[in-house]
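Secondary and tertiary structure notes
The chain contents come next:
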Amino acid sequence: MTPVRQQRFPSTASPQEIAHRLGRSRRDFLREAAGVAIGSSLMGRRAWAGPAGTARKRKLIVVTFGGGARDQETFAPEGQENIPHMLGELIPQSSFFTQVTNHGILGHYVATASLATGVYETLNNFSAVPPDHPTVFEYFRKDLRRPVSDAWVVAPSNGFNRIGESDSRGYGPGSGARVILPKHLLRAASGAPGPNYDHLLHDNYETPLYAPELGGGEFELQQLERVLKLSVDDFTAHARALSSPDELSVYIARQLMRQESPSLLWITMHDIDIAHAGAYSLYVDAIRRTDRLCAELWQAVQAEPEYAGNTTMLILPDFGRDADEDAGGNGFQHHRTGDPASRTTWMMALGAGVRAGVVYDNPVQSIDLVPSIGAMMGFSAAQAQGRPIKELV
Ligand SMILES: [Zn+2]
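Residues numbered from 1 in each chain as written. Predicted model: local features only at pLDDT ≥ 70, side-chain atom pairs only at ≥ 80, totals over all residues. Heavy atoms only, no water.

For the rest of this paragraph, the subject is empty space enclosed by the protein. To locate leftover empty space, one rolls a probe as large as a water molecule over the atoms. Within the structure shown, the criterion is met by three cavities of 30 Å³ or more. Here the largest cavity is characterised by a volume of approximately 100 Å³. Around the largest cavity, the lining is made up of 13 residues, and of these Asn-125, Phe-126, Ser-157, Phe-160 and Asn-204 lie nearest the centre. Residues that form the lining of the largest cavity fall into these classes: four nonpolar, seven polar and two charged. (1 Å grid on protein atoms, 1.4 Å probe; cavity = no way out; pocket = protein on both sides within 12 Å on 5 of 7 lines; lining within 4 Å. Points joined across faces, edges and corners; volume = space filled by probe spheres on them. Nonpolar A, V, L, I, M, F, W, Y, C, P; charged D, E, K, R; others polar.)

Spelled out as structure tokens, the structure:
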């Protein structure tokens, strides 16, 4: 299979114009391929339908979509074969936003931290430091007085281990989400990494030599047994059968849903970023796997009594990938130019309180995520710089 070249735009077009056209082309594709209607802000939102008192039970799951994929492998005619679950199962139930712009730094940890704070963070992408601004987990727990067990992050690499809480005054240590790192957990559980697990332990794809050493193996094993209710033997035996790190993350997330039932659960997928290795077939395989895993997570929501009927799921990439025609870029492989293709991404919202089968192409930003979650769940994201997305709240 050879990569299809990205749609070309006149070189005189501004970044805003290119972003707008990308959003339009996604919108038009989804109308054809998934039969969704074009939304307008005049439509109004279906009100949260639960009876009084159930707001406390409302759950929200954020899934970041794998490090970003181009449209020609996803939301375009030539890419649709890679996302059958999203197109056939999830999008007909979704409000889909086709123009979500990320104006921040395009590294995975810093961009995910920006998604989680609602501020374009400027921290060093390659150091395990906390975000500078309060995270969605801290706002949620403080305003709604929720226990630590109610907010969890499942993250792909050791570099994400500080994402659960900020350095911010009034928040900080102990006030945010607990972060579970499935690879760190597997390493702790399996002793020395062996050939059985090498395919699951790759820490990140951008700088293969970077993986901060983390202590706390004992704490990880306690999480395994006390929180996830998994024996070391069961966990390692199950992991051996899994094909990728994201499979492992979804397995852990499902255990968390079953045992802890957090109201705010954040899962960062990362397999697609194997694109940095330059192997197009592995990149496409990862898109297909991520598409399937998103559908499996949504099926898990329906199967868990704590979640069925009262859960909203938001799926979005942290950012996109470079366009082919940019002289400094390299198409699907990297995201280093900061061009509109790498900045203009999308978001899918489905479940409780969300209008189904609608596509919106008005511009929103990555930093609008946290204020929108706050408005949906009833807490204030006071320091976030984005705005609630009006079609969701
Ligand atoms: Zn990357």
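Here the narrative resumes.
So, on to the coordination of the zinc ion. At the metal site, the zinc ion is ligated by His-108 (NE2), Asp-273 (OD), Asp-273 (OD), His-276 (NE2) and His-335 (NE2), and these contacts range over 2.0 to 2.3 Å. Considered as a linear motif, the donors of the zinc ion on their single chain read H-x164-D-x2-H-x58-H. Taken as a pair, Asp-273 in the loop between strand 6 (264-268) and helix 10 (280-303) and His-335 in the loop between strand 7 (311-316) and helix 11 (340-343) lie far apart in primary sequence, 62 residues in all. For His-335, a relative accessible area of 5% translates into the label buried. (Donors = N, O, S within 2.8 Å, 3.2 Å for Na, K, Ca; no water. Helix = DSSP H or I, 4+ residues; strand = E, 2+ residues; numbered from the N terminus. Buried < 20%, exposed > 50% of the residue type's maximum accessible area, 1.4 Å probe, protein only.)

Let's shift gears to the pairing of strand 8 (residues 344-351). Burial analysis of strand 8 places eight of its eight residues in the buried class, the great majority of the element. Judged from the four bridges that link them, strand 7 and strand 8 form a sheet pairing that is antiparallel. Residue pairing for strand 8: Ile-315 is matched across the bridge by Met-348. (Pairing = 2+ DSSP bridges.)

Time to look at the pairing of strand 6. Counting buried positions along strand 6 gives five out of five residues, so the element sits mostly inside the fold. With five bridges joining them, strand 2 (residues 59-64) and strand 6 adopt parallel strand pairing. Paired with Val-63 across the bridge in strand 6 is Ile-267. Pairing between strand 4 (residues 151-154) and strand 6: four bridges, direction parallel. Looking at the pairing, Trp-152 lines up with Leu-265 of strand 6.

Turning next to the nonpolar core. Residues Ile-91 and Phe-235 are the most contacted members of the largest nonpolar core, which totals 62 residues. Examining the composition of this core, we find that eleven residues originate from one element, helix 10, more than from any other. The residues contacting Ile-91, other than those within four sequence positions of it, are Leu-30, Ala-34, Val-36, Phe-75, Met-86, Phe-96, Met-348 and Gly-357. Formed by 43 residues, the second largest nonpolar core is a distinct cluster that contains Val-136, Phe-160, Tyr-171 and Ala-349. (Core = buried A, V, L, I, M, F, W, Y, C linked by side-chain atoms within 4.5 Å. Contact = heavy atoms within 4.5 Å.)

Next up on the list: the packing of aromatic side chains. Evaluated as defined, the whole model comprises twelve aromatic pairs. Members of the aromatic cluster, joined through ring pairs, are Phe-65, Phe-75, Phe-96 and Trp-346. The ring of Tyr-307 has Lys-59 sitting right over it, with the charged end atom 5.2 Å from the ring centre. Note that Lys-142 overlies the ring of Tyr-171, its terminal NZ or CZ placed 4.6 Å from the centroid. (Phe/Tyr/Trp six-rings, centres within 6.5 Å; stacked < 30°, edge-to-face > 60°. Lys NZ or Arg CZ within 6 Å of the ring centre and 35° of its normal.)

What follows concerns the side chain of Asn-102. For Asn-102, the position within the fold is in the loop between strand 3 (94-101) and helix 3 (108-117). Taking relative accessible area as the criterion, Asn-102 reaches 1% and is therefore assigned buried. Of the polar contacts made by the side chain of Asn-102, one reaches the backbone nitrogen of Gly-104; its length is 2.7 Å. If we ignore the near neighbours within four places in the chain, the residues touching Asn-102 are Ala-111, Tyr-120, Asp-318, Phe-319, Arg-343 and Ser-366. (Polar contact = N/O pair within 3.5 Å; in protein donor to acceptor, adjacent residues only side chain to side chain.)

With that settled, consider the packing of helix 5 (residues 182-190) against helix 8 (residues 232-240). It is the contact of helix 5 with helix 8, at a shortest axis distance of 10 Å, that shows an interaxial angle of 120°. In this structure, helix 5 crosses over helix 8, and the sense of that crossing is left-handed. Along its contact with helix 5, which presents Pro-182, Leu-185, Leu-186, Ala-189 and Ser-190, the element helix 8 presents Val-232, Phe-235, Thr-236 and Ala-239. Looking at the contact of helix 5 with helix 8, its residues break down into seven nonpolar, two polar and no charged. (Axes fitted to C-alpha atoms, helices over the stretch in contact; angles between N-to-C directions. Left-handed = near helix turned anticlockwise from the far one by under 90°.)

Right, let's get into the environment of Val-179. Summarising the element assignment, Val-179 is placed in strand 5 (residues 178-180). Taking the C-alpha atoms as reference points, Val-179 and Glu-165, separated by 14 residues in sequence, lie 9.3 Å from one another. Val-179 has contacts with Val-153, Ala-155, Phe-160, Asn-161, Ile-163, Gly-164 and Gln-223, leaving out every residue within four places of it along the chain.

For helix 1 (residues 15-34), built from 20 residues, the straight-helix expectation of 28 Å at 1.5 Å per residue is met to within 8% by its first-to-last C-alpha distance of 28 Å. Residues of helix 1 that are buried include every one of Ile-18, Ala-19, Leu-22, Gly-23, Arg-26, Arg-27, Phe-29, Leu-30 and Ala-34, and no others. On the buried face of helix 1, the contacting elements are strand 1 (37-38), helix 2 (84-90), strand 3, helix 11, strand 8 and strand 9 (358-360). Downstream of helix 1 by one or two residues, Gly-35 has phi in the positive range, about 65°. (Expected span 1.5 Å × (residues − 1).)

A full pass over the atoms with the stated rule returns 15 salt bridges. Across the pair Glu-306 and Lys-59 runs a salt bridge, and its minimum N-O distance is 3.8 Å. Of this pair, Glu-306 sits in the loop between helix 10 and strand 7 while Lys-59 sits in strand 2; the two residues are 247 residues apart in sequence, bridging distant segments of the chain. Judged by relative accessible area, Glu-306 falls into the partly exposed class, the value being 35%. With a shortest N-O distance of 3.6 Å, Glu-81 and Arg-288 are connected by a salt bridge. Of the two residues, Glu-81 is situated in the loop between strand 2 and helix 2 and Arg-288 in helix 10; the sequence distance between them amounts to 207 residues. Where salt bridges share partners, they join Arg-24, Arg-27, Asp-28 and Asp-361 into one cluster. (Salt bridge = Lys/Arg side-chain N within 4 Å of Asp/Glu carboxyl O.)

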